[in-house]
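Working through the structure, step by step
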Amino acid sequence: LIREQSIDSSMFLLSADRAFAQEGDTPITRLPNTPEEWRRYDVVIVGDVPAESMSAEQRQQLHDLVAQRGAGLLWMAGPGSMPTTYASTMLADLLPMRDPEATSLLPWARASVEPTALAETLSVLQLRSAGDTEDQAPDWPEGLPGLRWVQDMGELKPSAEVLAHAVADASTEAEEQPLVTRLRFGSGQALYVATDET
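This is a predicted model, so every value here is computed, not measured. (Residues numbered from 1 in each chain as written. Predicted model: local features only at pLDDT ≥ 70, side-chain atom pairs only at ≥ 80, totals over all residues. Heavy atoms only, no water.)

With respect to the packing of aromatic side chains
What the rule picks out here adds up to one aromatic pair. Measuring from ring centre to ring centre gives 5.1 Å for Trp75 and Tyr86, while their planes differ by 70°; the resulting arrangement is edge-to-face. With Trp75 in strand E2 (residues 72–76) and Tyr86 in the loop between E2 and strand E3 (104–105), the pair connects residues that are eleven residues apart, well separated along the chain. Note on Trp75: relative accessible area 0%, which makes it buried. Overall, Tyr86 belongs to the buried group, its relative accessible area being 0%. (Phe/Tyr/Trp six-rings, centres within 6.5 Å; stacked < 30°, edge-to-face > 60°. Helix = DSSP H or I, 4+ residues; strand = E, 2+ residues; numbered from the N terminus. Buried < 20%, exposed > 50% of the residue type's maximum accessible area, 1.4 Å probe, protein only.)

Things to note about the pairing of strand E6 (residues 160–168)
Most of E6 is tucked away, with eight of its nine residues classed as buried. Pairing between strand E4 (residues 111–115) and E6: five bridges, direction antiparallel. Each bridged residue has a counterpart across the sheet, and for Ser112 the counterpart in E6 is Val167. Bridge analysis of E6 against strand E7 (residues 176–185) gives seven bridges, and the strand direction is antiparallel. Residue pairing in the sheet places Glu161 in a bridge with Arg182 of E7. (Pairing = 2+ DSSP bridges.)

Here's the deal with the nonpolar core
Leu62, Leu73, Trp75, Tyr86 and Tyr192 are the most contacted members of the largest nonpolar core, which totals 45 residues. For this core, the secondary structure elements donating two or more residues are strand E1 (43–46), helix H2 (56–67), E2, E4, E6, E7 and strand E8 (188–193). Here the element with the most residues in this core is E6; it accounts for six residues. Trp75 has contacts with Val46, Met82, Tyr86, Leu91, Leu94, Leu95, Ala190, Leu191, Tyr192 and Val193, leaving out every residue within four places of it along the chain. (Core = buried A, V, L, I, M, F, W, Y, C linked by side-chain atoms within 4.5 Å. Contact = heavy atoms within 4.5 Å.)

Considerations on H2
Note that an α-helix has 3.6 residues per turn; residues three or four places apart therefore point the same way. Helix length check: H2, at twelve residues, gives a terminal C-alpha distance of 16 Å against a target of 16 Å (1.5 Å per residue), a fit within 8%. Taken as a whole, H2 has its buried residues at Gln58, Arg59, Gln61, Leu62, His63, Leu65, Val66 and Ala67. Residues of H2 that are buried in the fold lie against helix H1 (35–38), E1, E2, E7 and E8. (Expected span 1.5 Å × (residues − 1).)

As for the environment of Met153
You can see Met153 is positioned in the loop between strand E5 (151–152) and E6. Assessed through its relative accessible area of 3%, Met153 is described here as buried. Placed 40 residues apart in sequence, Met153 and Val193 show a C-alpha to C-alpha distance of 9.9 Å. Those residues in contact with Met153 that sit more than four places away from it in its chain are Pro96, Met97, Thr103, Pro178, Leu179, Thr181, Tyr192 and Ala194.

A short note on the sheet that holds E1
Read from one edge to the other, the open sheet built from six strands follows the order E1-E2-E8-E7-E6-E4, with strand pairing classed as mixed. Each end of this open sheet is capped by a strand with a single partner; those strands are E1 and E4. Direction aside, the axes of adjacent strands within the sheet are offset by 20° on average. Bridge count for E7 against E8 is six bridges, and the pairing is antiparallel. Across the sheet, Phe185 pairs through a bridge with Gly188, a residue of E8. (Axes fitted to C-alpha atoms, helices over the stretch in contact; angles between N-to-C directions.)

Concerning the pattern of salt bridges
In this structure the tally under the stated criterion is seven salt bridges. In this structure, Arg39 and Glu36 form a salt bridge, with 3.7 Å as the shortest nitrogen-oxygen distance. Assessed through its relative accessible area of 44%, Arg39 is described here as partly exposed. A salt bridge links Arg148 to Glu197, with the nearest nitrogen and oxygen atoms 4.0 Å apart. (Salt bridge = Lys/Arg side-chain N within 4 Å of Asp/Glu carboxyl O.)

Written out as structure tokens, the structure reads:
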């Protein structure tokens, strides 16, 4: 994010060592506390942090930022807190699965990523090096290493759209699970990535 000149980013790590300097173009030392402070952000990325990391007011403000202002929210799955600790909060509205507490780890050794037709229509998850032509495009997604950690999201809400599937590498039946989903909510939208690997 720091290398991308068109983005002004702020990053706040809750579990960082005291000596760790918070990164970003615009460093911050705490999460936003008011609707005005949240309005500075077009997209908020939430990793594997417990819901209790935010006060009830901050969770409501983030909810409203997406629903009313049209911001984007990107959830990154994790083995500790995401999404289970958000199940009984208002932010559960912005999760794609019906039951956040029912998520589990898929038992696959490795999984490949397969973008859906919707991703192609939206021109997302299309990797290409600058200057590549259609004939020179790198192998995508076949050329990427397999994912080792993928979350089973369980039953999705009817309004959740799947942008990519995870497909078991060793499966002869080509078993697939939703990996990247989009959920439109109010004026904004939320993406959920069911792995913490990039």
